[in-house]
Amino acid sequence: MKLVVVSAGLSVPSSTRLLADRLAAATGRYTSVDVQVVELRDLAVEIAHNFTSGFPGRALSAALEAVTEADGLIVVTPVFSASYSGLFKSFFDVLDQDALTGKPVLIAATGGSARHSLVLEHALRPLFAYLRAVVVPTAVYAASEDWGAEGLAERIDRAAGELGRLMEGLGSGAGAGAVRRADVADTASAANKADKADASVVVDTDTAAAIAPRSLDGALAQAGRFTVIPFEQQLAALRP
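Anyway, here's the lowdown on the structure attached to this text.

Parameters at a glance
Residues numbered from 1 in each chain as written. Predicted model: local features only at pLDDT ≥ 70, side-chain atom pairs only at ≥ 80, totals over all residues. Heavy atoms only, no water. Helix = DSSP H or I, 4+ residues; strand = E, 2+ residues; numbered from the N terminus. Buried < 20%, exposed > 50% of the residue type's maximum accessible area, 1.4 Å probe, protein only. Contact = heavy atoms within 4.5 Å. Areas by Shrake-Rupley, 256 points an atom, 1.4 Å probe, with all protein chains shown as cover. Phe/Tyr/Trp six-rings, centres within 6.5 Å; stacked < 30°, edge-to-face > 60°. Salt bridge = Lys/Arg side-chain N within 4 Å of Asp/Glu carboxyl O. Pairing = 2+ DSSP bridges. Right-handed = clockwise from strand over helix to strand, strands pointing away. Axes fitted to C-alpha atoms, helices over the stretch in contact; angles between N-to-C directions. Parallel < 35°, antiparallel > 145°, perpendicular 65-115°, else oblique. Left-handed = near helix turned anticlockwise from the far one by under 90°. Nonpolar A, V, L, I, M, F, W, Y, C, P; charged D, E, K, R; others polar. Core = buried A, V, L, I, M, F, W, Y, C linked by side-chain atoms within 4.5 Å.

## Examining the overall build of the chain
- Counting secondary structure elements, the chain contains nine helices and nine strands.
- Sorting the 240 residues of the chain into buried and exposed places 41% on the buried side.
- Across the chain, contacts joining residues at least 24 apart in sequence account for 75% of those joining residues at least 6 apart.
- Here the chain has roughly 12700 Å² of accessible surface; of this, 55% comes from carbon and sulfur atoms.

## A short note on unusual backbone geometry
- Of note, the amide linkage connecting Val-12 to Pro-13 takes the cis form, showing an omega dihedral of -5°.
- A positive phi angle, near 65°, is found at Arg-132, a position not held by glycine.
- Residue class for Arg-132 comes out partly exposed when judged on its relative accessible area of 32%.

## Here we look at the packing of aromatic side chains
- For the coordinates displayed, the defined rule picks out five aromatic pairs.
- Judged by centre distance (5.0 Å) and plane angle (80°), the ring pair of Phe-92 and Phe-128 falls under edge-to-face. Here Phe-92, found in helix 4 (residues 86-94), pairs with Phe-128, found in helix 5 (residues 119-130); they are 36 residues apart in sequence, far enough to count as distant.
- Ring-pair connections join several aromatic residues into one group, and the members of that group are Tyr-84, Phe-88, Phe-91, Phe-92 and Phe-128.

## Here we look at the pattern of salt bridges
- The final tally for this structure, using the stated rule, is eight salt bridges.
- Notably, a salt bridge pairs Asp-157 with Arg-29, separated by 3.8 Å at the nearest N-O pair. Of this pair, Asp-157 sits in helix 6 (residues 152-171) while Arg-29 sits in the loop between helix 1 (15-28) and strand 2 (34-39), and the two are 128 residues apart along the sequence.
- Looking at Arg-29, the relative accessible area reads 59%, which means it is exposed.
- Residue Arg-132 is joined to Asp-98 by a salt bridge in which the shortest nitrogen-to-oxygen separation is 2.3 Å. With Arg-132 in the loop between helix 5 and strand 6 (134-135) and Asp-98 in the loop between helix 4 and strand 5 (104-111), this pair connects stretches of sequence that are 34 residues apart.
- Residue Asp-98 is classed as partly exposed on the basis of its relative accessible area of 47%.
- Beyond isolated ion pairs, a larger network of salt bridges with shared partners links Arg-17, Asp-21 and Glu-39.

## As for the pairing of strand 2
- Where strand 1 (residues 2-7) meets strand 2, six bridges bridge the pair, whose relative direction is parallel. Directly across from Val-5, in strand 2, lies its bridge partner Val-37.
- Assessed by its sense of winding, the connection that carries the chain from strand 1 through helix 1 to strand 2 is right-handed.

## Concerning the pairing of strand 5
- Within strand 5, eight of the eight residues are buried, leaving the element largely enclosed by the surrounding structure.
- Neither face of strand 5 is open: one carries Pro-104, Leu-106, Ala-108 and Thr-110, the other Val-105, Ile-107, Ala-109 and Gly-111, and all of them are buried.
- Judged from the four bridges that link them, strand 5 and strand 7 (residues 140-143) form a sheet pairing that is parallel. Note on strand 7: the bridge partner recorded for Ala-108 is Val-140.

## Comments concerning helix 4
- Regarding helix 4, the residues found buried are Leu-87, Phe-88, Ser-90, Phe-91, Phe-92 and Val-94.
- Close packing links the buried residues of helix 4 with strand 1, helix 2 (44-53), helix 3 (58-69), strand 3 (72-80), strand 4 (83-84) and helix 5.

## Quick look at the packing of helix 2 against helix 4
- The contact between helix 2 and helix 4 brings their axes to 10 Å, and the two run at 50°. The angle between helix 2 and helix 4 falls in the class oblique. By crossing handedness, the relation of helix 2 to helix 4 is classed as left-handed. Facing Ala-44, Ile-47, Asn-50 and Phe-51 of helix 2, the residues of helix 4 in contact are Leu-87, Ser-90, Phe-91, Asp-93 and Val-94.
- Looking at the contact of helix 2 with helix 4, its residues break down into six nonpolar, two polar and one charged.

## Description of the nonpolar core
- Grouped together as the largest cluster of nonpolar side chains are 40 residues, with contacts concentrated most on Phe-88, Phe-91, Phe-92 and Phe-128.
- Elements with a contribution of two residues or more to this core: strand 1, helix 3, strand 3, helix 4, strand 5, helix 5 and strand 7.
- Per element, the largest residue contribution to this core is six residues, and it comes from helix 5.
- For Phe-128, the residues in contact, after removing those within four places along its chain, are Val-75, Phe-88, Phe-92, Leu-100, Val-105, Ile-107, Ala-133 and Val-135.

Laid out in structure tokens, this is it:
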């Protein structure tokens, strides 16, 4: 399986890249992966040009394709102004909106202070939830004092194990009950289209019977305990 690591570190050497490499190596202990690293510092100019021209350069296009085709992602950013870096966000802004649908993603960040560790929950996790990725439960934050201290290695191993098992589960196409990423994407897409096409509300049938006028009684199709009442029908019932 293909594992793509996106590192937004700017310095050389970079603690962000170091954390990314350790996460990738740990994931390889749980599942067989081919690792490709995308260094965003090398793509900064092309990302900026893409915003103004609308077209990615050759290197950026290759990076976007790698992320889109990956079976799993590890994304690591340094903390800037209590959030992810602008370069990190800009890369995912130019990525196709559906590219990460159903894709396993491990989120991580580095910073100078442990006080910024919640950046994982208030910034990174919402971003990838919006992109409809499957974010692993354990996120990894490494402050300056964490390197060489107890706890970081265990968090890395736990997060990598979750990502490896998730990649195995979503990537397996054999066997009954196997979940495929394509199925997840198709389901999410179909649900999104259905939401736009038909604004309906699911109402408990007992409640519906109590609040609906007699003219609607025969129109309620009893399917188990719940029935779906189209929004327009509800409005009609409320009109005098």
